[in-house]
Amino acid sequence: MSPVTHIDLHAGRLDLAQLRRVHEGPVRLALAADDCARISAASALVERIVSRGEAVYGINTGFGLLAQTRIADDQLELLQRNLLLSHAAGVGENLPDGIVRLILVLKINALARGHSGTSRQLVDALLALVNHDVYPLIPAQGSVGASGDLAPLAHMSLPLLGLGEVRVGGRVLPAAEGLRIAGLAPLRLRAKEGLALINGTQVSTAIALAALFGLESMFAAAVVAGAMSVDALKGSDAPFDARIHAARGQPGQIAVAECYRRLTAGSAIRASHVHCSRVQDPYSFRCQPQVMGACLDLIEQSARTLETEANAVTDNPLLFLDGGEALSGGNFHAEPVAFAADTLALAAAEIGSLSERRLAVLVDPKMSGLPPFLVEQSGVNSGFMIAQVTAAALVAENKATAAPCSVDSIPTSANQEDHVSMATHAARRLLRMLDNGAAVIGIELLAAAQGIDFHRPARSSQPIEEAHGQLREKVPFYAADRYLAPDIRAAQDWVRSGRFLAFTGTLLPSARRA
């Protein structure tokens, strides 16, 4: 079981390192006193608006195309309840606990900013779900990423009413049982509370954050795999020279080149062929800092967007205490998240593509000088022949999946919501791309380790030998053909585990925010 992380939440100030910990395992949250005061003040403003009889969207009117319909005060609770019931229309597989936990924390963080008008009781109930590891079942499909992630957030919210289902310790339970575990009774929603719950970008943002963290793990593994492949090829480390990258000036490229220099420094394999006749290595080896550095720059850009969105208030209308106003706007439109997700998709596709090209070189004896398909007695043994085919298939799939989602829009709600972001499935498709990419890089790691073994007794650098040794604890040398799929799964799981982040230090955004 993952260790529990304690976070003193100050609304609007969550950083990427904290968000990564929320995704990785259980958390215990405590709200700051000033956040609690803002929540109470905004809730009191809603009560004053209702008592004055003003018609304010979302507080005492219908929704969407029905915004002009005034709702009587004695029907406001029913209005909010019906909103959750009717909008809980999602389909598909349920989101995993780590993403649901992120969604809950992001929603608490937004409501605690004091612009949403919900009661302390409601925010405390969400805190209780998080602090007791009670996670609503949220179907993954059904949001177009505008007017908020309406359907999935309705599913998040229904258990507060004692409806729907939750997951506790991996078991699916009726919501009423989940509330009992969290020490709660079903809530009666007040004016605006249902709308504040389902309006917002927390689902698309949470999925995109989960993908960002997965991509960071994949990036780190790809850098280590690429460095190991350089020694497996007996390639040159000259392309990592700092002067080359300073001359161009791209920040990601400079940072990644420094990482490759550190990973390859002191390699006896490299020293053994310094004066060989090869002039240049293929681009997939030589241009790693240029390609991976460009990917790092994209990851950095997306990380900034998602960190900002994780701390944003994205429901509607918003309350402003200083003027006592409720203003309708459109912060629920998830275009920033959609762009960030599409950007991460480009990086994910390229990282895998570069890895597969290095793998293709290593299995080709004409290019690598290693035994054909990295196995002795090739012919009777096929070695890594079909493993490379698998990698090529996964890279092709990722290339097709990387096509942008944000350029699509289908009007909804009788054309009231006439432009939408498609952010939620833009983020969701990244998870499949990361699974594919982790398998590709896992296969390269297996191949690179095989190449290192063929150069014995010469040894690589200390970091590469450390990574090689960890891999060999899981997967032995491939001396003759054997059932290869379990080896690939083990390497894929290793890539996804995040353990390679220890080799890249503060290269990636969430590591620098720690």
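Scroll up to find the structure.
Residues numbered from 1 in each chain as written. Predicted model: local features only at pLDDT ≥ 70, side-chain atom pairs only at ≥ 80, totals over all residues. Heavy atoms only, no water.

1. With respect to the overall build of the protein
Here is the rule we go by: We count a stretch as a helix when DSSP gives it H or I for four or more residues in a row; a strand needs E for two or more, and each element gets its number in order from the N terminus. In this treatment the radius of gyration is a C-alpha quantity, and the globule benchmark scales as 2.2 Å times the residue count to the 0.38 power. In short, Shrake-Rupley with a 1.4 Å probe defines the accessible areas, and a residue's cover is counted only from the protein chains shown. All tallies of charge rest on Lys and Arg as positive and Asp and Glu as negative; His and the ends of each chain are not included. The location of each charge is read from NZ of Lys, CZ of Arg, CG of Asp or CD of Glu.
If you tally the helices and strands in the protein, you get 22 helices and nine strands. The C-alpha radius of gyration computed for the protein amounts to 26 Å, which stays within 12% of the reference 24 Å derived for 514 residues, consistent with globular compactness. Summarising its shape, the C-alpha atoms of the protein cover approximately 85 × 50 × 40 Å along the three principal directions. Approximately 19,800 Å² of the protein is accessible, and the part contributed by carbon and sulfur atoms is 55%. For the protein, the distance from the average position of its 45 positive side-chain charges to the average position of its 50 negative side-chain charges is 4 Å.

2. Looking at the side chain of arginine 101
Going by this rule: Buried residues are those whose accessible area, probed at 1.4 Å on protein chains only, stays under 20% of the maximum for their type, while exposed residues exceed 50% and partly exposed ones sit between those limits. Any carboxyl oxygen of Asp or Glu within 4 Å of a side-chain nitrogen of Lys or Arg constitutes a salt bridge here. Between N or O atoms, a polar contact is any pair within 3.5 Å; within protein, one atom must be a potential hydrogen donor and the other a potential acceptor, and residues adjacent in sequence are included only when both atoms are from side chains.
When you line up the elements, arginine 101 lands in helix α4 (residues 97-111). Despite its burial, arginine 101 pairs with no opposite charge, the nearest such side chain being aspartate 133 at 5.6 Å. A distance of 2.9 Å separates the side chain of arginine 101 from the backbone oxygen of glycine 25, its partner in a polar contact. A distance of 3.0 Å separates the side chain of arginine 101 from the side chain of tyrosine 135, its partner in a polar contact.

3. Considering the packing of helix α17 (residues 385-401) against helix α18 (residues 423-454)
In a packed pair of helices, the relevant descriptors are the angle between the two axes and the axis-to-axis distance. Threshold: A fitted line through C-alpha atoms represents every axis, and for helices the fit uses only the stretch in contact; the resulting angles, taken between N-to-C directions, go from 0 to 180 degrees. Convention used here: angles under 35 degrees read as roughly parallel, angles over 145 as roughly antiparallel, angles from 65 to 115 as roughly perpendicular, and any remaining angle as oblique. When the near helix sits turned anticlockwise from the far one by under a right angle, the crossing is termed left-handed; a clockwise turn instead gives a right-handed crossing. Residue contacts follow a heavy-atom distance rule, with two residues in contact if any of their heavy atoms lie within 4.5 Å. Note that Gly is not counted as nonpolar here; it falls among the polar residues with everything else outside the nonpolar set of Ala, Val, Leu, Ile, Met, Phe, Trp, Tyr, Cys and Pro and the charged set of Asp, Glu, Lys and Arg.
Put simply, α17 and α18 touch, their axes get as near as 9 Å, and they point 155 degrees apart. For the element pair α17 / α18, the angle class is roughly antiparallel. Viewed along their axes, α17 and α18 form a crossing whose handedness is left-handed. Residues Ala387, Thr390, Ala391, Leu394, Val395, Glu397, Asn398 and Thr401 of α17 touch α18, and the partners they reach there are Arg429, Arg432, Met433, Asn436, Gly437, Ala439, Val440 and Ile443. Tallied by class, the residues present in the contact of α17 with α18 amount to eight nonpolar, five polar and three charged.

4. Examining the environment of serine 236
With respect to the helices and strands, serine 236 occurs in the loop between α9 (202-232) and α10 (242-248). Distance from serine 236 to histidine 273, taken between C-alpha atoms, is 8.8 Å for residues 37 residues apart in sequence. Setting aside residues up to four positions removed in sequence, serine 236 forms contacts with Val230, Arg270 and Asp281. A polar contact of 3.0 Å, which involves the side chain of serine 236, links it to the backbone nitrogen of alanine 238.

5. With respect to the packing of aromatic side chains
The geometry of two aromatic rings is summed up by the distance between their centres and the angle between their planes. Counted only if it meets this: Here is the rule: rings of Phe, Tyr and Trp (six-membered ring for Trp) pair when centre to centre is within 6.5 Å. Planes less than 30 degrees apart are stacked, more than 60 are edge-to-face, and the remainder are tilted.
One pass over the structure, following the stated rule, counts five aromatic pairs. Seen in terms of ring centroids, phenylalanine 454 and phenylalanine 477 are 5.6 Å apart; in terms of plane orientation they differ by 80 degrees. Their pairing is edge-to-face. Here phenylalanine 454, found in helix α18, pairs with phenylalanine 477, found in the loop between α19 (462-474) and α20 (485-496); they are 23 residues apart in sequence, far enough to count as distant. Residue classification places phenylalanine 477 among the partly exposed residues on the basis of a relative accessible area of 28%.

6. Thoughts on a nonpolar patch on the surface
We apply this condition: Patch definition: residues with relative accessible area over 30% and no salt bridge; like charges joined within 9 Å; nonpolar side chains (Val, Leu, Ile, Met, Phe, Trp, Tyr) joined within 5 Å.
Among the surface-exposed residues, Met385, Ile386 and Val389 lie close enough to one another that they form a single nonpolar patch of about 250 Å² accessible area. Here valine 389 is to be found in helix α17. Residue valine 389 is classed as partly exposed on the basis of its relative accessible area of 42%.

7. A word on the sheet that holds strand β4 (residues 135-136)
Put simply, the rule reads: At least two bridges found by DSSP between two strands is the condition for calling them paired.
Here three strands make up an open sheet; going across it, the order is β4-β6-β7 and the pairing antiparallel. Looking at strand neighbours, the two that pair on one side only are β4 and β7 (171-174), the edges of this open sheet. Two strands pair when backbone bridges link them, and β4 and strand β6 (residues 165-168) are joined in this way by two bridges, in the antiparallel orientation. Counted as the bridge partner of tyrosine 135 is arginine 167 from β6.

8. Description of helix α11 (residues 251-264)
Heads up, the condition is: Here a helix's expected span is defined as the number of its residues, less one, multiplied by 1.5 Å.
For α11, which comprises 14 residues, the first-to-last C-alpha distance of 20 Å matches the rise-based estimate of 20 Å (1.5 Å per residue) to within 8%. The secondary structure elements touched by the buried residues of α11 are α9, α10, α14 (288-310), α19 and α21 (501-504). Following α11 by one or two positions, glycine 266 has its phi on the positive side, about 85 degrees.

9. Focus on the nonpolar core
How we decide: We define a nonpolar core as any set of buried Ala, Val, Leu, Ile, Met, Phe, Trp, Tyr and Cys residues linked to one another through side-chain atoms lying within 4.5 Å.
If you look at the biggest cluster of nonpolar residues, it comprises 162 residues, and the most contacted ones within it are Leu209 and Phe219. If we ignore the near neighbours within four places in the chain, the residues touching leucine 209 are Leu16, Leu19, Leu102, Leu106, Leu306 and Ala310.

10. Describing the pattern of salt bridges
Applying the stated criterion across every chain, the model contains 26 salt bridges. Salt-bridge contacts for arginine 20 lead to glutamate 24; the nearest nitrogen and oxygen are separated by 3.0 Å. Linking arginine 20 with glutamate 24, this pair stays in helix α1 (residues 16-24), spanning four residues, or about one helical turn. A residue is classified by how much of its surface remains accessible, and arginine 20, at 11% relative accessible area, is buried.

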